[in-house]
Amino acid sequence: MNGKVWLVGAGPGDPDLITVKGMAALHAAQAVVYDRLVNPALLAEAPQDCTLYDVGKEANNHPIPQPQINQILIDCARRGLRVVRLKGGDPFVFGRGSEEAQALREAGIDCEVIPGITSAIGGLAAAGIPVTHRDHASGFHVVTGHLRNGNAPQEWHKLAALSGTLVVLMGMSHLAEICHALIAGGKAPHTPAAVVMHASTPQQQVISAPLAQLAAVSAAAKFHAPALIVVGEVVLLREILAFAGSK
Ligand code: SAH
């Protein structure tokens, strides 16, 4: 009989931010297939005889191709195992978890998604930045700064015209272009902005600057992925709310 795959969100970085249900799945796992962003402390929660598959590893700078990851999940499940596919944040937010669920469905394998706290919201909260606030942002948009080759480019000019908070994931290698494109699209150069690196972990670092200076300030401070880029008035609240962030 086939096993089953649980697509589990590991949360934004702090290993204690996984859900109770996610932790239970991990404790019962016979195979764990995990990504680079997953906190290693969570892997220690898997049973000792559980097989761990590191699919975030890059062989010669080439990430493991998605079809190969799908195949590992399918093969483990066909061996009758309880498989946890552990992904950073929430599995359905830019994590290809949905593509994996589709592949499992096509292979006739049972699958259950266990949501996680996305870094887009929880990672900012850990830095004392609320994504919404009645006086400053009545909504938020979460976008990727890195699109698959061949996909239409991100429409920064349209995003620039929206009110509310803009959160960019996977944007660090294009930070300067992104800030430039938002300003070219009409976003005020003095719009408050920030970069949050290693959110909700002891390595967390935050830098804030007006949008026009963000890329230069971030480069000077050597900020790099994984990091969240956030643009909007809510960044100013950090001065008051940082005390409530990750301890
Ligand atoms: N599914 C994940 C996102 C995967 S895309 C989620 O819901 O959070 C990977 C991107 O997420 C990274 O490039 C970075 O922009 C962001 N990210 C994930 N964890 C992060 C962390 N601890 N600190 C800062 N950014 C993080």
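Residues numbered from 1 in each chain as written. Predicted model: local features only at pLDDT ≥ 70, side-chain atom pairs only at ≥ 80, totals over all residues. Heavy atoms only, no water.

What follows is about the sheet that holds strand 1 (residues 4-9). With parallel pairing, 5 strands are arranged side by side in an open sheet as 3-2-6-1-7. Each end of this open sheet is capped by a strand with a single partner; those strands are strand 3 (51-54) and strand 7 (110-114). Taken over all neighbouring pairs, the strand axes of this sheet differ in orientation by 20 degrees on average, direction set aside. The sheet contact formed by strand 2 (residues 31-34) and strand 3 spans 4 bridges and is parallel. Residue Ala 31 lies in a different strand from strand 3, and its bridge partner there is Thr 51. Strand contacts of helix 1 (residues 20-27): strand 1, strand 2, strand 6 (82-87) and strand 7, with the helix running at about 135 degrees to strand 7, the strand carrying the most contacts. On the sheet, helix 3 (residues 66-78) packs against strand 1, strand 2, strand 3 and strand 6 and is oriented at approximately 155 degrees with respect to strand 6. (Pairing = 2+ DSSP bridges. Helix = DSSP H or I, 4+ residues; strand = E, 2+ residues; numbered from the N terminus. Axes fitted to C-alpha atoms, helices over the stretch in contact; angles between N-to-C directions. Contact = heavy atoms within 4.5 Å.)

Once that is clear, we can look at the domain arrangement of the chain. Considered domain by domain, the chain is made up of domain 1 (4-114) and domain 2 (122-244). The gap between the C-alpha centroids of domain 1 and domain 2 is 28 Å. Carbon and sulfur atoms make up 73% of the surface buried where domain 1 meets domain 2, a total of about 570 Å² over both sides. At the surface where domain 1 touches domain 2, the tally comes to 2 residue pairs in polar contact (both at pLDDT 80 or more). Split by residue class, the side of domain 1 that touches domain 2 holds 5 nonpolar, 1 polar and 1 charged. (Domains from an automatic or database assignment. Buried area = accessible area lost by both parts, 1.4 Å probe. Polar contact = N/O pair within 3.5 Å; in protein donor to acceptor, adjacent residues only side chain to side chain. Nonpolar A, V, L, I, M, F, W, Y, C, P; charged D, E, K, R; others polar.)

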